[in-house]
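# A look at the structure
Okay, here's what each chain looks like letter by letter:
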Amino acid sequence: MRRDCRLLILGDGRGREGLESLIAELGLAGVADLPGFQRNPYPYLARAALFVLSSAWEGSPNVLTEAMALGVPVVSTDCPSGPAEILDGGRFGPLVPVGDADALAAAMEATLDRPLPADTLKAAVAEYEQGQSARCYLELLGLGH
C-alpha cells in the first residue's frame, strides 16, 4: 500500500546539497523538506508518525531513544553499536540491513500500518530516563540506597 507522507530531515551537513538536488530530481519538493539545524527538534519529533534512523554506524543513537521516549514508532538500520540493543533485536522496532533501501521502505510501511503503542515504546526506554540513569550510576559506585 502506498500512502501520502511528508519527509523531514533535520540538520545540516555536507550531503545537504546532494539531497536538495535529489529532491528536485525526483519531484518531491512538496513532500520532502530540509528545515536545517533545529536547536529544539522535539516539536518535530513529537508530532512524527514515524522516526527512521538510517545510519551506517552509531555510537549511542540517543535520538532513537528520544523518539521512543516520546512514543514515536521507529525503524532503524542494524548498524554497529546501539540500535539492536535499544530495539531489543527488533522487538521495539524493525532493524534492517545497512544500505538496503527496499528493506527500509518495507519496514517503514509496515510500521506505519501497525505501530507499537506509545506506552510500549516509552516503557522500552524507561531505563534511559535521567533519574534512572543517575540511580544506576550511584548504585554502581556504591552510593545508592
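Above this text you will find the structure in question.
My aim in this report is to walk through the structure given alongside it, one point at a time. (Residues numbered from 1 in each chain as written. Predicted model: local features only at pLDDT ≥ 70, side-chain atom pairs only at ≥ 80, totals over all residues. Heavy atoms only, no water.)

To continue, consider the overall build of the protein chain. The helix and strand tally for the protein chain stands at 7 helices and 5 strands. Counting only C-alpha atoms, the protein chain reaches 60 × 30 × 25 Å along its principal axes. Of all 145 residues assigned to the protein chain, the portion counted as buried reaches 25%. Taking the intrachain contacts of the protein chain between residues at least 6 apart in sequence as the baseline, contacts between residues at least 24 apart amount to 49%. For the protein chain, the exposed surface amounts to about 9,700 Å²; the carbon and sulfur share of it is 54%. Side chains of the protein chain carry 11 positive and 19 negative charges; the gap between the two charge centres is 6 Å. (Helix = DSSP H or I, 4+ residues; strand = E, 2+ residues; numbered from the N terminus. Buried < 20%, exposed > 50% of the residue type's maximum accessible area, 1.4 Å probe, protein only. Contact = heavy atoms within 4.5 Å. Areas by Shrake-Rupley, 256 points an atom, 1.4 Å probe, with all protein chains shown as cover. Lys, Arg positive; Asp, Glu negative; His and termini not counted. Charge placed at Lys NZ, Arg CZ, Asp CG, Glu CD.)

Along the chain, the position of threonine 77 falls in strand 4 (residues 74–77). Once residues within four sequence positions are removed from consideration, threonine 77 is found in contact with Leu53, Ser54, Ser55, Pro83, Leu95, Val96, Pro97 and Val98.

Now for the nonpolar core. As a rule of thumb, soluble globular proteins bury nonpolar side chains together. Among the nonpolar cores identified, the biggest contains 14 residues, and Phe51, Leu64, Ala67, Met68, Val74, Leu87 and Phe92 are the most heavily contacted of them. At the level of elements, strand 3 (51–53), helix 3 (62–69) and helix 6 (118–124) are the ones that each hand at least two residues to this core. For this core, the element with the highest residue contribution is helix 3, accounting for 3 residues. Other than its neighbours up to four places away in sequence, leucine 87 contacts Leu64, Met68, Val74, Ser76, Phe92, Gly93, Pro94 and Leu95. Of all hydrophobic cores here, the second largest spans 5 residues; its members include Leu50, Val96, Leu104 and Ala107. (Core = buried A, V, L, I, M, F, W, Y, C linked by side-chain atoms within 4.5 Å.)

Right, let's talk about the side chain of serine 76 for a bit. Along the chain, serine 76 turns up in strand 4. Ignoring anything within four residues of it in the chain, the contact list for serine 76 reads Leu53, Leu64, Pro83, Leu87, Pro94, Leu95 and Val96.

In this structure, serine 81 is a non-glycine residue whose phi angle is positive, near 80°. Relative to the assigned elements, serine 81 resides in the loop between strand 4 and helix 4 (83–86). Of note in the backbone geometry, aspartate 88 takes a positive phi value of approximately 50° without being a glycine. Structurally, aspartate 88 can be placed in the loop between helix 4 and strand 5 (95–96).

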